Structure formats: structure tokens, C-alpha cells
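Single-letter residue listing:
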Amino acid sequence: GWLDPDTITEIAKYAGFCAKEFGGEVDLWATENEPFAVVLPGYLMPTAERSNPPGDTLQIPEAKTVLTALIEAHARMYDAIKANDTADADGDGKDSEVGVVYAMAPFAPADPKNPVDVQGAKNAFYLWNMVYLNAVAKGDLDANLDGHTVHRDDLANRMDYIGINYYTRITVQGE
């Protein structure tokens, strides 16, 4: 799984293989579908309706490791696809466009006058919508999920497009 560092290497090899094998037929590649959906129901908040392995609750260190691994994996798959898809399948002058499909959600405070609700909504928006995307688009990795980033060139500019899945808005109520 995503806690094993070899997973990143192996999935990048697989992406490279697919790009070489199918590059003449495919120009639009999505490396991951809803990466945060692996973290949330797998390591933080599984529910009866939605759980991903291992289905553990509030495993914060593991969740951070998995999120960082998903970011690294996307970047390495991006690189592997770009290196191995050398055919322009649709004749538009581009061999490949590589992105990610991401579930985004707006967050609103339950009580806009309650500073705890307001800050909670801001924090949740950042964690859900921005941490992953900032890393793969700008190279700004927040591995501790505390708002402090480290710039990494090997992650930057690893997104040609984003596919957005939108399901719901989320209201945040503090304690």
C-alpha cells in the first residue's frame, strides 16, 4: 500500500509501461482519481458508507505519509508518462497531457460570526482542496499539514490539467 515507499517506484514503472504501450492511442492521462479519498476514509474517518483499506480512524502520522506518497506518486507517474508517450495520438501537436482527477468542495462556517467555525472552514478548505494541488502544481509540499511548505522542484509543474469532481459543499462547526 501507500505506506510502502516501493509503491511509488512500482506505480511509476507501470505508468511508464502504459504510456509506452498505449501512447499512440492516448494523449490525455489521469494519474490518480480523488487521491484525498484514499486518505480520508482509509486513515482518518472511515464510515459505514465509505471506507478504504485499512479503514483506520485518526491515524494522523500514517495519513500524512500516505498523502505525501500520493503526491510523490503523481509526480513520478507524470514524469514516466512524459518520457514514454512520444506519439501524438490526436494530431494536436502534443504527445501527452497529464493531470489528476480531484474531488473539490467549498467549505463554509456553520456560523459565520463564530471565529472557531470560520477558522475551521479555512483549515478544512486548505487540507481538502489545496495541500495536494499546491504540491503537484507549484511544488510546495506541506508534509506536516501545518501550513508550512518546502518547495521541491521535482514536484513542481507536474500537472497539465485538473479534472474536478464536485459532489457537495461542507459546513464546518467548531467546538
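Residues numbered from 1 in each chain as written. Predicted model: local features only at pLDDT ≥ 70, side-chain atom pairs only at ≥ 80, totals over all residues. Heavy atoms only, no water.

Would you take a moment to explain the layout of surface pockets for this structure?
Any empty space left between atoms is shown by rolling a water-sized probe over those atoms. Roughly 440 Å³ of volume is contained in the largest pocket. Taken together, 18 residues form the lining of the largest pocket, with Phe36, Leu40, Leu44, Met45 and Leu127 sitting closest to its centre. Elements with a contribution of two residues or more to the lining of the largest pocket: α2 (36–44), α3 (60–84), α4 (115–138) and β7 (170–172). Classifying every residue of the lining of the largest pocket gives 16 nonpolar, one polar and one charged. The space that makes up the second largest pocket amounts to roughly 360 Å³. In terms of lining, the second largest pocket is formed by 17 residues, of which the most central are Glu34, Ala37, Leu40, Arg50 and Trp128. Elements represented by at least two residues in the lining of the second largest pocket include exactly α2 and β2 (97–104). The leading source of residues in the lining of the second largest pocket is α2, at four residues. Its residues assigned to classes, the lining of the second largest pocket shows 13 nonpolar, two polar and two charged. (1 Å grid on protein atoms, 1.4 Å probe; cavity = no way out; pocket = protein on both sides within 12 Å on 5 of 7 lines; lining within 4 Å. Points joined across faces, edges and corners; volume = space filled by probe spheres on them. Helix = DSSP H or I, 4+ residues; strand = E, 2+ residues; numbered from the N terminus. Nonpolar A, V, L, I, M, F, W, Y, C, P; charged D, E, K, R; others polar.)

I tried to follow the packing of aromatic side chains on my own but got confused; where do I start?
Any aromatic ring pair is given by two values, namely how distant the centres are and how the planes are angled relative to each other. Across all of its chains, the model carries three aromatic pairs by this definition. On the basis of an interplanar angle of 50° and a centroid distance of 5.4 Å, the ring pair of Phe36 and Trp128 is categorised as tilted. One end of the pair, Phe36, is in helix α2; the other, Trp128, is in helix α4, with 92 residues separating them in the sequence. Judged by centre distance (5.8 Å) and plane angle (65°), the rings of Phe107 and Trp128 are edge-to-face. Of this pair, Phe107 sits in strand β3 (residues 107–109) while Trp128 sits in helix α4, placing them 21 residues apart in sequence. (Phe/Tyr/Trp six-rings, centres within 6.5 Å; stacked < 30°, edge-to-face > 60°.)

Is there a simple way to explain the packing of α2 against α3 in this structure?
In a packed pair of helices, the relevant descriptors are the angle between the two axes and the axis-to-axis distance. Between α2 and α3, whose axes approach to 10 Å, the crossing angle comes to 165°. By the criterion of interaxial angle, the relationship of α2 to α3 is roughly antiparallel. Crossing angle aside, the handedness with which α2 passes α3 is right-handed. Of α3, the residues touching α2 (which contributes Phe36, Val38, Val39, Tyr43 and Leu44) are Ile60, Glu62, Ala63, Val66, Leu67 and Leu70. Taken together, the residues of the contact of α2 with α3 sort by class into 10 nonpolar, no polar and one charged. (Axes fitted to C-alpha atoms, helices over the stretch in contact; angles between N-to-C directions. Parallel < 35°, antiparallel > 145°, perpendicular 65-115°, else oblique. Left-handed = near helix turned anticlockwise from the far one by under 90°. Contact = heavy atoms within 4.5 Å.)

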